[in-house]
Amino acid sequence: MAERLTDAQLAALERALHRQRTEITAAAARMAGSLDDVRAARSGSDADDEHDPEGPTLSSEWSRISGLSTELEARAASVEGALERVAAGTFGTCIRCGQPIAPDRLDALPAAELCITCARQT
Ligand SMILES: [Zn+2]
């Protein structure tokens, strides 16, 4: 049976979540800049992809960045959800079974919303 988080552990995890949110926001801003560059490079050349030697490269760069940005959005949402649970006082409690999430699991993954038992069932 996992023990409840102490106030100090909760405070440390909340700081970690805020740090992660800052990092994700910064990464998303860089990503938006890269997308603008690719977009500018695409519209700058009036040749179509088939005849433009840079076309395919830009397309794959585009999908790589879009994939990363989707992943960032998912991470941002889970960090945001965790911070909402901190505010609501339910942080550290599994959203599925209501049991406490083990502190070492939260250390590794502060945004975890499921206890290890539920996570293994997913
Ligand atoms: Zn659970």
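Please read all numbers here as calculations on a predicted model, not as lab measurements.

(A) Fine view of the coordination of the zinc ion. Here the zinc ion is held by the protein donor atoms Cys94 (SG), Cys97 (SG), Cys115 (SG) and Cys118 (SG), which lie 2.3 Å from it. Of note, the donors binding the zinc ion are all from one chain and are spaced C-x2-C-x17-C-x2-C. Placement of the pair is Cys97 in the loop between α2 (55-88) and α3 (103-108) and Cys115 in the loop between α3 and α4 (116-121), with a sequence separation of 18 residues. On the basis of relative accessibility, which here comes to 6%, the residue Cys115 falls in the buried class.

(B) Representation of the confidence of the model for the chain. Mean pLDDT over the chain stands at 88; residues scoring 70 or higher make up 88%. Element-level pLDDT for the chain is lowest in α2, with a mean of 91, against a maximum mean of 95 in α4.

Scoring rules and cut-offs
- Residues numbered from 1 in each chain as written.
- Predicted model: local features only at pLDDT ≥ 70, side-chain atom pairs only at ≥ 80, totals over all residues.
- Heavy atoms only, no water.
- Donors = N, O, S within 2.8 Å, 3.2 Å for Na, K, Ca; no water.
- Helix = DSSP H or I, 4+ residues; strand = E, 2+ residues; numbered from the N terminus.
- Buried < 20%, exposed > 50% of the residue type's maximum accessible area, 1.4 Å probe, protein only.
- pLDDT = per-residue confidence, 0-100.

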